[in-house]
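For reference, the chains in residue letters:
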Amino acid sequence: MENTPHSAAKAPAKVTLEEGKDYWYCTCGLSANQPFCDGSHKGSGFAPQKFTAEKSGDAWLCQCKQTKNAPYCDGSHKGL
Ligand code: FES
């Protein structure tokens, strides 16, 4: 089992979210569809994080997987 997530990128992904819609955020970092889950976590010990968009519009989702405020970027990638 892998405990450290793979860093998919050292910068957040800008996405457009729709209020009230559910999304599955990739926590393992292995998805080819960053920042969202594509099923690649299977066997990694990680599971995607479901979240519901609170408002429609652009959001910056973490791809380095070190954020303390997942799925949102909190600037932690700057220290990598
Ligand atoms: S991309 Fe992970 S904290 Fe910014």
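About the cut-offs
- Residues numbered from 1 in each chain as written.
- Predicted model: local features only at pLDDT ≥ 70, side-chain atom pairs only at ≥ 80, totals over all residues.
- Heavy atoms only, no water.
- Helix = DSSP H or I, 4+ residues; strand = E, 2+ residues; numbered from the N terminus.
- Buried < 20%, exposed > 50% of the residue type's maximum accessible area, 1.4 Å probe, protein only.
- Contact = heavy atoms within 4.5 Å.
- Areas by Shrake-Rupley, 256 points an atom, 1.4 Å probe, with all protein chains shown as cover.
- Lys, Arg positive; Asp, Glu negative; His and termini not counted.
- Charge placed at Lys NZ, Arg CZ, Asp CG, Glu CD.
- Core = buried A, V, L, I, M, F, W, Y, C linked by side-chain atoms within 4.5 Å.
- Polar contact = N/O pair within 3.5 Å; in protein donor to acceptor, adjacent residues only side chain to side chain.
- Phe/Tyr/Trp six-rings, centres within 6.5 Å; stacked < 30°, edge-to-face > 60°.

Caption draft 1: Examining the overall build of the chain more closely. Of regular secondary structure, the chain possesses zero helices and four strands. In the chain, the succession of α and β elements from N to C terminus is β-β-β-β. Viewed in the frame of its principal axes, the chain has a C-alpha envelope of about 35 × 30 × 20 Å. Counting over 80 residues, the chain shows a buried share of 38%. For the chain, restricting intrachain contacts to residue pairs at least 6 apart in sequence, the fraction spanning at least 24 positions comes to 58%. Accessible surface, the chain as shown: approximately 4,900 Å² in total, 48% of it carbon and sulfur. Across the chain, the mean location of the 9 positive side-chain charges is 5 Å away from that of the 8 negative side-chain charges.

Caption draft 2: Inspection of the nonpolar core at higher detail. By size, the foremost hydrophobic cluster in this structure holds eleven residues: Val 15, Leu 17, Tyr 23, Tyr 25, Phe 36, Phe 51, Ala 53, Ala 59, Leu 61, Cys 62 and Cys 64. Among the elements of the structure, strand S1 (13-17), strand S2 (22-25) and strand S4 (57-61) are those that each provide at least two residues to this core. Ignoring any residue separated from it by four or fewer positions in sequence, one finds Ala 53 in contact with Leu 17, Glu 18, Glu 19, Gly 20, Lys 21 and Tyr 23.

Caption draft 3: Up close: the side chain of Ser 31. Among the structural elements, Ser 31 can be located in the loop between S2 and strand S3 (49-52). Of note is the side chain of Ser 31, whose polar atom sits 2.9 Å from the backbone nitrogen of Asn 33. Once you skip the residues sitting within four places of it in the chain, Ser 31 turns out to touch Cys 26, Phe 36, Cys 37, Asp 38 and Ser 40.

Caption draft 4: Molecular detail of the packing of aromatic side chains. For the structure shown, the criterion picks out three aromatic pairs. Seen in terms of ring centroids, Tyr 23 and Phe 36 are 5.7 Å apart; in terms of plane orientation they differ by 25 degrees. Their pairing is stacked. Of the two residues, Tyr 23 sits in strand S2 while Phe 36 sits in the loop between S2 and S3, which places them 13 residues apart along the sequence. Of the two residues, Tyr 23 and Phe 36, neither departs from the other in class, the shared state being buried. Between Phe 51 and Tyr 72 the ring centres are 6.1 Å apart and the planes differ by 70 degrees, which places this aromatic pair in the edge-to-face class. Of this pair, Phe 51 sits in strand S3 while Tyr 72 sits in the segment after S4, and the two are 21 residues apart along the sequence. Residue class for Tyr 72 comes out partly exposed when judged on its relative accessible area of 28%.

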